[in-house]
Amino acid sequence: MNGLFISFEGIDGAGKSTHIEGLAQAFHAQGRVVTITREPGGTALAEKLRLLVLSDPMDAMTEALLVFAARRDHLQQVIEPALARGNVVLCDRFTDATFAYQGGGRGFDLNLLSMLEQMVQTTAVKENTFIRQPNLTIWFDLPAEVAAQRLTGARTPDKFEAQPLEFFRRVANGYLQRMRVNPVRFARIDADCTRDAVWLQVLSALQGRGWLP
Ligand code: TYD
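Treat the numbers as computed from the prediction; the structure is a model and nothing was measured. (Residues numbered from 1 in each chain as written. Predicted model: local features only at pLDDT ≥ 70, side-chain atom pairs only at ≥ 80, totals over all residues. Heavy atoms only, no water.)

(A) Structural context of the site of the ligand. Around the ligand, the surrounding shell holds 17 residues, and the nearest of these are Asp12, Arg93, Thr98, Gln102 and Arg155. Take lysine 16: an N or O atom from its side chain is 3.4 Å from an oxygen atom of the ligand. In the environment of the ligand, an oxygen atom lies 3.3 Å from a nitrogen or oxygen atom belonging to the side chain of glutamate 161. Protein chains shield 91% of the accessible area of the ligand, which is 540 Å² for the free molecule. Because more than half of its atoms lie within 2 Å of the grid, the ligand is assigned to the largest pocket. Elements represented by at least two residues in the shell around the ligand include exactly helix H2 (44-55), helix H3 (60-84) and helix H4 (95-105). (Near = heavy atom within 4 Å. Polar contact = N/O pair within 3.5 Å; in protein donor to acceptor, adjacent residues only side chain to side chain. Areas by Shrake-Rupley, 256 points an atom, 1.4 Å probe, with all protein chains shown as cover. 1 Å grid on protein atoms, 1.4 Å probe; cavity = no way out; pocket = protein on both sides within 12 Å on 5 of 7 lines; lining within 4 Å. Sits in = over half its atoms within 2 Å of the grid points. Helix = DSSP H or I, 4+ residues; strand = E, 2+ residues; numbered from the N terminus.)

(B) Seen up close, the nonpolar core. With 43 residues, the main nonpolar core has Ile6, Phe27, Leu90, Tyr101, Ile138, Phe140 and Leu206 as its most contacted residues. At six residues, helix H7 (residues 165-181) tops the list of elements feeding residues into this core. The contact partners of isoleucine 138, leaving out residues within four places of it in the chain, are Ile6, Ser7, Phe8, Glu9, Leu23, Ala187, Ile189, Val202 and Leu206. Counting 16 residues, the second largest nonpolar core, distinct from the first, contains Val89, Phe94, Leu113 and Val120. (Core = buried A, V, L, I, M, F, W, Y, C linked by side-chain atoms within 4.5 Å. Buried < 20%, exposed > 50% of the residue type's maximum accessible area, 1.4 Å probe, protein only. Contact = heavy atoms within 4.5 Å.)

(C) Examining the pairing of strand S3 (residues 88-92) more closely. Across the five residues that make up S3, a large majority, five, are buried. What you see with S3 is no split at all: Val88, Leu90 and Asp92 on one side and Val89 and Cys91 on the other are buried throughout. By the bridge criterion, five bridges tie strand S1 (residues 4-9) to S3 in an arrangement that is parallel. Bridging across to S3, serine 7 finds its partner in cysteine 91. When strand S2 (residues 34-38) meets S3, the two strands line up parallel, connected through five bridges. In the sheet register, valine 34 faces S3, and the bridge partner there is valine 88. (Pairing = 2+ DSSP bridges.)

(D) Geometry of the layout of surface pockets. Here the largest pocket is characterised by a volume of approximately 750 Å³. For the lining of the largest pocket, the secondary structure elements donating two or more residues are helix H1 (17-29), H2, H3, H4, helix H6 (144-151) and helix H8 (195-208). At four residues, the largest contribution of residues to the lining of the largest pocket is made by H4. (Points joined across faces, edges and corners; volume = space filled by probe spheres on them.)

(E) Just the sheet that holds strand S7 (residues 186-190), in detail. Pairing is parallel in the open sheet, where five strands are placed in the order S2-S3-S1-S6-S7. Among the strands making up the open sheet, the edge pair consists of S2 and S7. Strand-to-strand twist across the sheet, computed as the mean angle between neighbouring axes with direction ignored, equals 20°. In terms of strand pairing, strand S6 (residues 136-141) meets S7 through five bridges, oriented parallel. (Axes fitted to C-alpha atoms, helices over the stretch in contact; angles between N-to-C directions.)

(F) A look at the packing of H3 against helix H5 (residues 110-121). Contact pair H3 / H5: the axes reach a minimum separation of 10 Å and the direction vectors enclose 20°. One finds that H3 runs roughly parallel with respect to H5. In the packing of H3 onto H5, the handedness of the crossing is right-handed. Here Ala64, Leu65, Phe68, Arg71, Arg72 and Leu75 of H3 come into contact with H5, specifically with Leu113, Leu116, Glu117, Met119, Val120 and Gln121. (Parallel < 35°, antiparallel > 145°, perpendicular 65-115°, else oblique. Left-handed = near helix turned anticlockwise from the far one by under 90°.)

Dropping the structure here:
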């Protein structure tokens, strides 16, 4: 069976987590082996880098380099081997988050991000060299105001969650721009509705591609 790489994106508070769990169960029920992972993170080294990125102040380029360093390790240690085994890889955030947060949110140069993306995600499988991208990206689209309300009082905010509303408007716009460039890869989910209604949209994105019955 071919490996399947699905990423989950959205501004903080958009509500990805329960749906990642739900999809893992749905794939299990189909007899698939599922790898659930996240970025930044997913390996011992990348989780250390995550701690730094989410807590220490740093300039946008340092942040971008660290998330791509974490991504490189994650791809090599976890994602590529899992895909080679034919697993379903469900990844909580991937490179679109870098374009949205470091690009849109922090204003870092998108062309430089594209260069890093190409360097870090270049993969060779047998004789084939290509740039690894998710087969599908589920984007939970939610107005920044609604996400902020959902996050109120939830827990101690990390460096990004503590950002003002305006930052998340730019992040949301960063995702929108990314979807415009990659319309086939992206499934936009209207996340401003009940959990059940969001789940039905997620499920239908997978069913529409013939990946779940
Ligand atoms: P998140 O995925 O929301 O995890 P949790 O639900 O545990 O808070 O947190 C990851 C944070 O890292 C989120 O605020 C977005 C940010 N981030 C970036 O800024 N750039 C990236 O490339 C990635 C993957 C995440």
